[in-house]
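# What the coordinates show
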Amino acid sequence: MNTHARRQLTDAPYLVAATGGVPRRRPVWFQRQAGRSLPEYREVRAGIGMLESCFDPELVCEITMQPIRRHDVDAAILFSDIVVPLKAAGIDLDIVPGVGPVVANPVRTVDDVRKLPRLRPEEVGAVTAGIGLLLDALGEVPLIGFAGAPFTLASYLVEGGPSKNHERTKAMMLADPEIWHQLMGVLTDITIEFLQAQIGAGVDAVQLFDSWAGALTQAQYREYVMPHSERVFTEIAAAGIPRAHFGVGTGELLGAMGEAGADIVGVDWRIPLNEAARRVGPGKALQGNLDPAVLFAGPKAIEAEVRRIAHEADEAITLGAKGHIFNLGHGVLPNTDPTVITDTVALIHSLPAPL
Ligand code: CP3
């Protein structure tokens, strides 16, 4: 495995905010900051498949760097995808433009679960090589590695693709808990292996995306999902780098998602950060939570929303949150004007940093 000495970026606002210090400015980065909103992204991706790009170290480095050059954001997120470790392990799937991940043979039976491969670190060697290039290219900007959480990966595998209602996934979970936990166990192993590879290669933080966990009740989350996500956070804790946990529509799950073990809890736009702080409890940083659609509403509306969020974040800190990392409540929408993103970063940086 590619191992890299961990960098000491003691002044990086993202890392300072994540660990309870006072950052020199309010840190901001955006989920999906690398992607179709950028003309330079569309240009380098022309004629190259999404997954193919994720296994090309030079492209991984170039695409990850594009939003850093443009927007003055405080963190880079590795250009990859949550299905990359599944593909690398040998599962037949593709990312279809405008659709998302599509799995050739959905996982529905105990036999399907038994046949699932494990991930060997060398199978993501292209990803770790990309991280190596990035550590040189990034200078003082921290690099966030990531993985999909077991539940969100399970949903793609069981449904066979993106799903609105997750009905087959929930059916397996509720009707066949034993198979369900076996499946989640395998996916947890793959997720841990993928994150350990990125950590070994030198990423400065990691984020676990449980994007679809908001489809569950809190009781379902606690019984069928949380023990597995908790194992992910426990097994990577020794690295000592910030661990973030994010989902969409998770207002009712924030307490449980925090308990699963992250240092930073991502919050979507449906719930104010001060209320999120009450639900998460003290001792964790919060990340969020501008509605990505607000970036289409013009400078006045954007400024009003950014100021509201900063104000609620400051209150969250007085309620015990460790810090605030500004972000969107979900990813940058593909047709967002990139100059609006740059201006929004400048606006956030112009506000006083939270204490
Ligand atoms: O800047 C970043 O945030 C970096 C990279 C990133 C991508 N995917 C790149 C990508 C990250 C963190 C992801 C994670 C991911 N992938 C998640 C979790 C985050 C979330 O959005 O909730 C999920 C659910 C996926 C699965 C996935 N991959 C979807 C739903 C799609 C969109 C399909 C489409 O075409 O609309 C993808 C493809 C994908 N992943 C793209 C990018 C930039 C677009 C593909 C392209 O440009 O052709």
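The structure contained in this document is the topic of the report that follows. Predicted model only: the values in this text are computed from it and were never measured.

### Quick notes on the state of the cysteines
On inspection of all chains with the given rule, the structure shows zero disulfides. Considering cysteine sulfurs only, C61 is the nearest to C54, which forms no disulfide, with 14 Å between them.

### Observations concerning helix α14 (residues 299–318)
Under the 1.5 Å per step criterion, the end-to-end length of α14 is 29 Å for 20 residues, consistent within 8% with the ideal 28 Å. Looking only at α14, the buried set comprises I302, V306, I309, A310, E312, A313, A316 and I317. Positioned one or two residues after α14, G320 has a phi angle of 120°, which is positive.

### Concerning the environment of H330
Tracing the sequence through the fold places H330 in the loop between β9 (324–328) and α15 (338–350). Judged by its relative accessible area of 26%, H330 is partly exposed. Between the alpha carbons of H330 and G249 there is a distance of 9.8 Å; along the sequence they are 81 residues apart. Apart from residues no more than four positions distant in its own chain, H330 is found in contact with Q31, W212, F246, V248, W269 and P292.

### With respect to the site of the ligand
Taken together, 26 residues are adjacent to the ligand, and R32, Y41, D81, S211 and H330 come closest. The contact in question runs from an oxygen atom of the ligand to an N or O atom on the backbone of R32, over 2.5 Å. In isolation the ligand offers 880 Å² of accessible surface; the protein chains occlude 91% of this area. Taken together, the elements giving at least two residues each to the shell around the ligand come down to α2 (39–45) and β3 (100–103). Considering only residue class, the shell around the ligand consists of 15 nonpolar, seven polar and four charged.

### A closer look at the packing of helix α9 (residues 167–175) against helix α10 (residues 177–201)
Their axes nearest at 5 Å, the elements α9 and α10 cross at an angle of 115°. In this structure, α9 uses T169, M172, M173, L174 and A175 to contact α10, whose residues at the interface are P177, I179, W180 and L183. Of the residues assigned to the contact of α9 with α10, the class counts are eight nonpolar, one polar and no charged.

### Digging into the pattern of salt bridges
Evaluation of the coordinates by the stated rule reveals 23 salt bridges. R70 is the partner of E40 in a salt bridge, and the nearest nitrogen-oxygen pair spans 2.7 Å. Placement of the pair is E40 in helix α2 and R70 in helix α4 (residues 57–71), with a sequence separation of 30 residues. Under the relative-accessibility criterion, R70 is labelled partly exposed at 29%. For E235, the salt bridge is made with R231, and the minimal N-O distance between the two is 3.8 Å. Of this pair, E235 and R231 both sit in helix α11 (residues 218–236), separated by four residues, roughly a single helical turn. Assessed through its relative accessible area of 29%, R231 is described here as partly exposed. A single network of salt bridges, built from pairs that share partners, joins E252, E275, R278, R279 and E315.

### A few points about the sheet that holds strand β6 (residues 243–246)
Strand pairing within a sheet occurs via backbone hydrogen bonds; the two strands may be parallel or antiparallel. Strand order in the open sheet formed by seven strands is β1-β4-β5-β6-β7-β8-β9, and the pairing between neighbours is parallel. Here the strands that pair on one side only, and so sit at the sheet edges, are β1 (76–77) and β9. Judged from the two bridges that link them, β1 and strand β4 (residues 143–148) form a sheet pairing that is parallel. Counterpart to A76 in the pairing with β4 is L143. In this fold α10 packs onto β4 and β5 (205–209), with an angle of close to 170° to the strand it touches most, β4.

### Focus on the side chain of N274
Of note, N274 is situated in helix α13 (residues 273–280). When its relative accessible area of 13% is taken as the criterion, N274 is described as buried. In this view, N274 contacts E312, E315, A316 and L319; residues no more than four positions away in its chain are not counted.

### Regarding unusual backbone geometry
Glycine aside, a negative phi is what most residues show, and trans is what most peptide bonds show. Looking along the chain, the bond that leaves G288 and enters N289 is cis, with omega of -5°. Mapping N289 onto the fold places it in strand β8 (residues 285–290). Positive phi values are uncommon outside glycine, yet R32 reaches one of about 60°. Within the fold, R32 resides in the loop between α1 (13–18) and α2. Assessed through its relative accessible area of 53%, R32 is described here as exposed. Of note in the backbone geometry, H166 takes a positive phi value of approximately 55° without being a glycine. Take H166: it is sitting in the loop between α8 (150–159) and α9.

### Observations concerning a nonpolar patch on the surface
A cluster of nonpolar side chains, contributed by V96, V99 and V102, occupies part of the molecular surface with about 200 Å² of accessible area. Locating V99 in the fold gives a position in the loop between β2 (93–96) and β3.

Rules and cut-offs
Residues numbered from 1 in each chain as written. Predicted model: local features only at pLDDT ≥ 70, side-chain atom pairs only at ≥ 80, totals over all residues. Heavy atoms only, no water. Disulfide = S-S within 2.5 Å. Helix = DSSP H or I, 4+ residues; strand = E, 2+ residues; numbered from the N terminus. Expected span 1.5 Å × (residues − 1). Buried < 20%, exposed > 50% of the residue type's maximum accessible area, 1.4 Å probe, protein only. Contact = heavy atoms within 4.5 Å. Near = heavy atom within 4 Å. Polar contact = N/O pair within 3.5 Å; in protein donor to acceptor, adjacent residues only side chain to side chain. Areas by Shrake-Rupley, 256 points an atom, 1.4 Å probe, with all protein chains shown as cover. Nonpolar A, V, L, I, M, F, W, Y, C, P; charged D, E, K, R; others polar. Axes fitted to C-alpha atoms, helices over the stretch in contact; angles between N-to-C directions. Salt bridge = Lys/Arg side-chain N within 4 Å of Asp/Glu carboxyl O. Pairing = 2+ DSSP bridges. Patch = residues over 30% accessible without salt bridge, like charges linked within 9 Å, V, L, I, M, F, W, Y side chains within 5 Å.

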